[in-house]
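Descriptive structure summary
Given next are the chains, with one letter for each unit.
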Amino acid sequence: MTSSSINWISTAFLFSFVVASPVVVFTLHRGGPKTAIIISSVLLLVGNWIRYGATKAGKHGNFGGLMFGQILIGLAQPFVLSAPSRHSDLWFTNRGRVAATAVMSLANPLGGALAQLIGPAWVSKTSDIPNLVLYVSIIVSAYASLLLRALTFLGLCCYDSFILHRSTSSYA
């Protein structure tokens, strides 16, 4: 794979983020954070497993499949990364909003920094890259599964009714 191809993978991810952002704004205002989290989880799951399949296809993988998976992951990111201010507005008072937004916004750079350290530690040669993508896919699957289960069983089903109550009350 050439350095130009690698650059296009990053560029496609970033353009996907931009393309999805207007849909995210609509989703957060109409469907709320719960819907946004579900959409993001599904896109991350599908995108990661497509990337893994693309790395295992043939001797040198399938660049088109890799790019498609990366684009799906790029589409998923703004559903979560654009949501901290919406979450803090819904759940925190004026005194706690800034700190809550700051803490939630740090999740992406922290995760990126950890990935930059952990990825090279798991990969010592080019043939190890499919295993790295497999490990990431498994981690994402486990996390998304837990998150979706929490949304269903641990009370975030009541999240929507809390938002409705807060938005219709006189003190909101």
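Keep in mind that what you see is a predicted model, and the values were worked out from it rather than measured.

Calculation criteria
- By convention here, each chain's residues receive numbers from 1 onward along its written sequence.
- Only residues with pLDDT of at least 70 get local features here, since the model is predicted, and only at 80 or more are side-chain atom pairs given and counted; chain-wide, interface and lining totals rely on the full set of residues.
- In computing side-chain properties, one takes all heavy atoms of the structure into account and sets aside hydrogens as well as water.
- In these notes, a set of buried Ala, Val, Leu, Ile, Met, Phe, Trp, Tyr and Cys residues joined through side-chain atoms within 4.5 Å is what counts as a nonpolar core.
- Exposed residues in this analysis have more than 50% of their type's maximum accessible area, buried residues have under 20%, and partly exposed residues fall in between, with area computed by a 1.4 Å probe over protein chains only.
- A run of H or I in DSSP becomes a helix once it reaches four residues, and a run of E becomes a strand once it reaches two; helices and strands are each numbered from the N terminus.
- Whether two residues are in contact is decided by their heavy atoms: any pair within 4.5 Å suffices.
- What makes a salt bridge here is a side-chain nitrogen of Lys or Arg within 4 Å of a carboxyl oxygen of Asp or Glu, nothing more.
- In this analysis, axes come from line fits to C-alpha atoms, helices being fitted only over the stretch in contact, and the angle between any two N-to-C directions falls in the range 0 to 180 degrees.
- Note on angle classes: values under 35 degrees are labelled roughly parallel, values over 145 roughly antiparallel, values of 65 to 115 roughly perpendicular, and the remainder oblique.
- Each helix crossing is assigned a hand: it is left-handed if the near helix lies turned anticlockwise from the far helix by less than a right angle, otherwise right-handed if that turn is clockwise.
- Put simply, Ala, Val, Leu, Ile, Met, Phe, Trp, Tyr, Cys and Pro go in the nonpolar bin, Asp, Glu, Lys and Arg in the charged bin, and everything else, Gly too, in the polar bin.

Concerning the nonpolar core
Counting eight residues, the largest nonpolar core consists of Val24, Leu28, Ala36, Leu43, Leu72, Ala76, Phe79 and Ala83. Contributing elements (two or more residues each) for this core: helix 1 (3-30), helix 2 (32-56) and helix 3 (63-81). Per-element tally for this core: the top contributor is helix 3, with three residues. If we ignore the near neighbours within four places in the chain, the residues touching Leu43 are Leu72, Leu75, Ala76 and Phe79. One finds Ile9, Ala54, Leu66 and Met67 within the second-largest nonpolar core, a separate group that totals five residues.

Some points on the side chain of Ser137
With respect to the helices and strands, the residue Ser137 is situated in helix 7 (residues 129-153). The class of Ser137 is buried, set by a relative accessible area of 0%. Not counting the four nearest positions on each side in its chain, Ser137 is found in contact with Asn48, Trp49 and Tyr52.

Topic: the pattern of salt bridges
One pass over the full model with this rule turns up one salt bridge. Close ionic contact of Asp128 with Lys125 constitutes a salt bridge, the shortest N to O distance being 3.7 Å. Judged by relative accessible area, Asp128 falls into the buried class, the value being 13%. The exposure class of Lys125 is partly exposed, given its relative accessible area of 49%.

What about the packing of helix 2 against helix 3?
It is at 8 Å that the axes of helix 2 and helix 3 come closest, and there the two elements cross at 160 degrees. Between helix 2 and helix 3, the angle falls in the class roughly antiparallel. Along this stretch, helix 2 crosses helix 3, giving a crossing that reads as left-handed. For the pair formed by helix 2 and helix 3, the contact residues are Ala36, Ile39, Ser40, Leu43, Leu44, Val46, Gly47, Asn48, Ile50, Arg51 and Ala54 on the first element and Gly65, Leu66, Phe68, Gly69, Gln70, Leu72, Ile73, Leu75, Ala76, Gln77, Phe79 and Val80 on the second. Taken together, the residues of the contact of helix 2 with helix 3 break down into 15 nonpolar, seven polar and one charged.

These values are about where atoms sit, not about what they do.
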